[in-house]
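Each chain is listed here by its residues.
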Amino acid sequence: MSTTHPAATPVATGPDTPRPYQNYVYAYPHKTAYRPLPEPGPRLAELWRGEPKDALSLYLHIPFCDVRCGFCNLFTRIGAPDELSTRYLDALERQAGTVREALAGDGPVRFATAAFGGGTPTFLTADELTRLCDIAERRMGADLRAVPLSVEASPSTATADRLAVLAERGATRLSLGVQSFVDAEARAAVRPQRRADVEAALARIRAAGIPVLNIDLIYGIDGQTEESWRLSLDAALRWRPEELYLYPLYVRPLTGLGRRAAVGERAWDEHRLGLYRAGRDHLLAHGYEQRSMRMFRRADAPAQGPDDYACQTDGMIGLGCGARSYTSALHYSFDYAVDAREVRSIIDTYTATEDFGRAVHGRYMTEDGDGDGDESRRRHLLQSLLQAGGLERADYRGRFGGDPEDHFGAELAGFAARGWLDGGAPAGVLRLSPEGLAYSDALGPELFSPAVRAAMAAYEAR
């Protein structure tokens, strides 16, 4: 896929230009818009009845880490004392059995893609990872060797025995959270690691033969300069990773960094934008294609295998207390928190649960107030437009009976006025300009519905 855009529309900047880093839109609606569902909650068998189930995504969540990084607001806890990981896998297996039974009511069930996330899935021992794969295969019926399987890891947990299990069970992608190759920057991000240990982990991953290596890097760390940022980029490039993700640093409430200091606004925004552009241009010059604001893929990287899952339209099954599941009508999960005590409480409740047959926490996709599927349209537009390839108008029209401008004319006109839309996109494609991609974290939130905005604003961080 080409990511070199024609000359972009002139960019409108000024006091009305929004701040570029507002909200990372990795899913919509955001989990802070979820609420407890009316008791006793809908049965999963009813939720999935009539839903297409021939190209599902399977996500297994492991909420444990060795340490908690200063920027992290994921649902995770440090360590798993008193055989907590065993009790968690026991609960995961119970949940998997119940969910698979609920899916079996009508039509074929097939998983087109799978992922283990967290937390840090490789926090589990090699034997526990084997059990995790068994749950995905034997309980859920996913053929892990036949579909793309992505696994997240940290340098300290990417050990040879764990990697051997993942490689043997069909992992096609290993994502390593490095964040910085500069030891002082890692310490500033409250991420205790040494570059030598990172390099050793990368060597083990390459030796394991997992086809796709992804390296995560963060820009905007305290003390980071364009020179030190390039040092990290070049250190990563020496491993020729098939993918690189470049993340802006966010400082969130209740995280380690969030508790320590307030962060300046405009100056930090400009600093991060400068680092983003430097990183983007550096990777493009080294043979990578931009797939989104964050994702860059080596142009000659091999395909991971068949992948016929479309995040805009197909359903998702999430197992584990931090995972979410998607049907066309309802997005659901378990409760969410960031504070360590709250996270521990939710995990304890999950491990003690015997009946996983109902959805208990989520958001209906018709809660925009008019019940006409507006949230589904917004989700489709967001998850397409934030990809460098953009949105196929024919697909949108076939699903929603109109063009994006029919439903989001004011928002799209505003994006165009700021130079965020690519006026030279191929016929039938709506896509962002390079500047639009740079402002993805501002553009995305502008497409949130009023109801979702209100729910997010009312959420009390805990």
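Residues numbered from 1 in each chain as written. Predicted model: local features only at pLDDT ≥ 70, side-chain atom pairs only at ≥ 80, totals over all residues. Heavy atoms only, no water.

Engineer: An account of the pattern of salt bridges is needed here, citing residue identities and associated values.
Structural biologist: The final tally for this structure, using the stated rule, is 32 salt bridges. Arg-139 serves as the salt-bridge partner of Glu-93, at 3.2 Å between the closest nitrogen and oxygen. Of this pair, Glu-93 sits in helix H2 (residues 84-103) while Arg-139 is found in helix H3 (residues 126-139), placing the two residues 46 residues apart along the sequence. Arg-139 gets classed as partly exposed once you look at its relative accessible area, which sits at 39%. Residues Asp-300 and Arg-240 are paired through a salt bridge, measuring 3.4 Å at the closest nitrogen-oxygen approach. With Asp-300 in the loop between strand E11 (295-298) and strand E12 (316-319) and Arg-240 in the loop between helix H7 (226-237) and strand E9 (243-248), this pair connects stretches of sequence that are 60 residues apart. According to the relative accessible area criterion, Arg-240 is partly exposed, its value standing at 44%. (Salt bridge = Lys/Arg side-chain N within 4 Å of Asp/Glu carboxyl O. Helix = DSSP H or I, 4+ residues; strand = E, 2+ residues; numbered from the N terminus. Buried < 20%, exposed > 50% of the residue type's maximum accessible area, 1.4 Å probe, protein only.)

Engineer: Could you give me a rundown of helix H12 (residues 393-400), with the residues and numbers involved?
Structural biologist: Taken as a whole, H12 has its buried residues at Arg-393, Tyr-396 and Phe-400. For H12, the angular spread of buried residues about the axis comes to 65 degrees, placing them on one side. If you follow the buried residues of H12, they end up packed against helix H11 (374-385), strand E16 (391-392), helix H13 (404-417) and strand E17 (429-430). Note on H12: the residue one or two positions beyond its end, Gly-401, has a positive phi of about 75 degrees. (Arc of directions from axis to C-beta. Contact = heavy atoms within 4.5 Å.)

Engineer: For the pairing of E11, give the residues involved together with the corresponding values.
Structural biologist: Side chains Met-295 and Arg-297 project from E11 onto one buried face, and the interleaved Phe-296 and Arg-298 project onto a second face that is buried too. Where E9 lies against E11, three bridges are found, and the strand directions are antiparallel. Pairing of Tyr-245 across the sheet is with Met-295, part of E11. As paired elements, strand E10 (residues 288-290) and E11 share three bridges and run antiparallel to each other. Residue pairing for E11: Gln-290 is matched across the bridge by Phe-296. (Pairing = 2+ DSSP bridges.)

Engineer: Before we move on, could you go through the nonpolar core and cite the residues and values that matter?
Structural biologist: Ranked by size, the top nonpolar core spans 111 residues in total, and within it Leu-58, Leu-217 and Ile-317 carry the most contacts. In terms of residue count, the dominant contributor to this core is H2 (nine residues). Residues Tyr-34, Ala-112, Tyr-309 and Tyr-326 belong to the second largest nonpolar core, which totals nine residues. (Core = buried A, V, L, I, M, F, W, Y, C linked by side-chain atoms within 4.5 Å.)

Engineer: Please provide a residue-by-residue account of the packing of aromatic side chains, values included.
Structural biologist: In this structure the tally under the stated criterion is 18 aromatic pairs. Consider the rings of Tyr-21 and Tyr-219, whose centres lie 6.5 Å apart with planes at 65 degrees: the pair is edge-to-face. Pair noted here: Tyr-21 is in the segment before strand E1 (35-36) and Tyr-219 is in strand E8 (residues 212-219), with a separation of 198 residues, a long-range link. Accessibility assignment for this pair places Tyr-21 and Tyr-219 in one class, buried. Between Phe-334 and Tyr-350 the ring centres are 5.4 Å apart and the planes differ by 80 degrees, which places this aromatic pair in the edge-to-face class. Of this pair, Phe-334 sits in the loop between strand E14 (330-333) and helix H10 (340-352) while Tyr-350 sits in helix H10, and the two are 16 residues apart along the sequence. Assessed through its relative accessible area of 2%, Tyr-350 is described here as buried. One aromatic cluster is present, formed by Phe-64, Tyr-88, Phe-123, Phe-334, Tyr-350 and Phe-356 through successive ring pairs. The ring of Trp-268 has Arg-272 lying over it, and the distance from NZ or CZ to the ring centre is 3.5 Å. Above the face of the Tyr-326 ring, Arg-379 is positioned so that its terminal group lies 4.7 Å from the ring centre. (Phe/Tyr/Trp six-rings, centres within 6.5 Å; stacked < 30°, edge-to-face > 60°. Lys NZ or Arg CZ within 6 Å of the ring centre and 35° of its normal.)

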